[in-house]
Amino acid sequence: DDESIRRIGHWPWPRSYHAALLKTLSAYRPHVVLYDVLFTEESTQPEDDALLAHAIRETGSLIAAFFFHTEEPFLAFFPAKPFREAARYLGFVNIVPDEDARVRRIRHSIHAGGTSYYHTSVMAFLTTLPEGKREGALRKIPVDRENSFWINFPGRYFLFRRIPFYQLIAPQEGQADELKRFIQGKIVVVGHTATGGGDFRPTPFSSAYPGVGIQAASIHTLLTGEYLRRLGGGISFAILLVMTLLVTLLTWKNPPLLGLFGAL
């Protein structure tokens with residue numbers, strides 16, 4: 001976030017900083033860490049890369065992020081080899097907005113190059129289920145023709161509990177126990193919220209909703225199972241017909257002003 005960048009230094013940070021965060025998080029024993037930061041190339045500091053790869057492996061349950069450019073042919077930007085091999089899970093972070101540029105849906109999964117890949121938020125949800133129940137849970141997610149489901153946003157981004165980077169890697173006296181109580185067993189999503197970070201999208205709730213918040217809202221939708229569904233054409237037509245008849249009834253033989261209010 002902004003305060004972490006002010007205290008720690010300008011972005012991007014050395015990979016060793018991310019390693020320090022993961023080392024701290026591991027001590028708090030989260031259920032899974034979704035790291036919504038792309039590490040598609042090795043850096044010019046091999047020792048920092050080695051630290052990060054080791055921290056990813058030691059975390060045990062981490063979802064590494066990748067981005068795909070096209071499906072056919074499949075062109076994707078995966079994590080660099082040391083990080084991909086160290087991560088337990090892998091998921092794509094692509095978010096496709098609707099025609100009005102607002103994000104309402106998440107692509108459930110893709111099948112490319114002979115392999116199925118899930119969105120990072122879907123992968124985070126799957127880690128909460130036993131292996132034998134994952135296929136059944138996936139079938140219950142209502143998807144459209146584009147294999148996407150609607151995000152049931154719980155509200156604005158600030159409803160989610162947020163912990164600054166600097167507080168995690170250097171907690172003040174007495175904070176460590178509180179952080180452990182909050183983080184233990186939880187899904188932790190790490191990502192950008194700093195001003196000018198570039199990972200902001202318009203949503204129905206905000207013109208600049210952080211990508212990490214969209215991830216959290218998507219996971220929230222999957223965990224609660226409170227899915228949004230588009231009504232079928234027949235139901236939509238029936239509602240329109242009823243509304244039309246109602247307006248006709250309100251305006252029939254009534255004064256124009258009352259009819260206007262009825263139509264509104």
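Details of the structure are given in the entry above.
Okay, so let's go over this structure. (Residues numbered from 1 in each chain as written. Predicted model: local features only at pLDDT ≥ 70, side-chain atom pairs only at ≥ 80, totals over all residues. Heavy atoms only, no water.)

One turn of an α-helix holds 3.6 residues; hence residues three or four places apart share an orientation. Between its terminal C-alpha atoms helix α2 (residues 15-27) stretches 19 Å, which fits the 18 Å expected from 13 residues at 1.5 Å a residue. Here α2 has its buried residues at Arg15, His18, Ala19, Leu21, Leu22, Thr24 and Leu25. Looking one or two places after α2, you find Arg29, whose phi comes out positive at around 55°. (Helix = DSSP H or I, 4+ residues; strand = E, 2+ residues; numbered from the N terminus. Expected span 1.5 Å × (residues − 1). Buried < 20%, exposed > 50% of the residue type's maximum accessible area, 1.4 Å probe, protein only.)

Right, let's talk about the packing of aromatic side chains for a bit. Inspection of every chain in the model, using the stated rule, returns 16 aromatic pairs. Measuring from ring centre to ring centre gives 5.8 Å for Phe78 and Tyr117, while their planes differ by 50°; the resulting arrangement is tilted. With Phe78 in the loop between β3 (75-77) and α4 (81-86) and Tyr117 in strand β7 (residues 115-118), this pair connects stretches of sequence that are 39 residues apart. Here Phe78 matches Tyr117 in class, with each residue buried. Three or more aromatic residues link up through ring pairs in this structure, and these residues are Phe66, Phe68, Phe74, Phe78, Phe92 and Tyr117. Positioned above the aromatic ring of Phe78, the side-chain terminus of Arg84 is 4.0 Å from the ring centre. The ring of Phe182 carries the charged tip of Lys186 above its face, separated from the ring centre by 5.1 Å. (Phe/Tyr/Trp six-rings, centres within 6.5 Å; stacked < 30°, edge-to-face > 60°. Lys NZ or Arg CZ within 6 Å of the ring centre and 35° of its normal.)

Our next topic: the environment of Ala112. Here Ala112 lies in strand β6 (residues 109-112). We classify Ala112 as buried; its relative accessible area is 5%. A sequence separation of 33 residues divides Ala112 from Arg145, and the C-alpha atoms of the two residues are 17 Å apart. Excluding residues that lie within four positions of it along the chain, Ala112 makes contacts with Glu71, Phe74 and Tyr117. (Contact = heavy atoms within 4.5 Å.)

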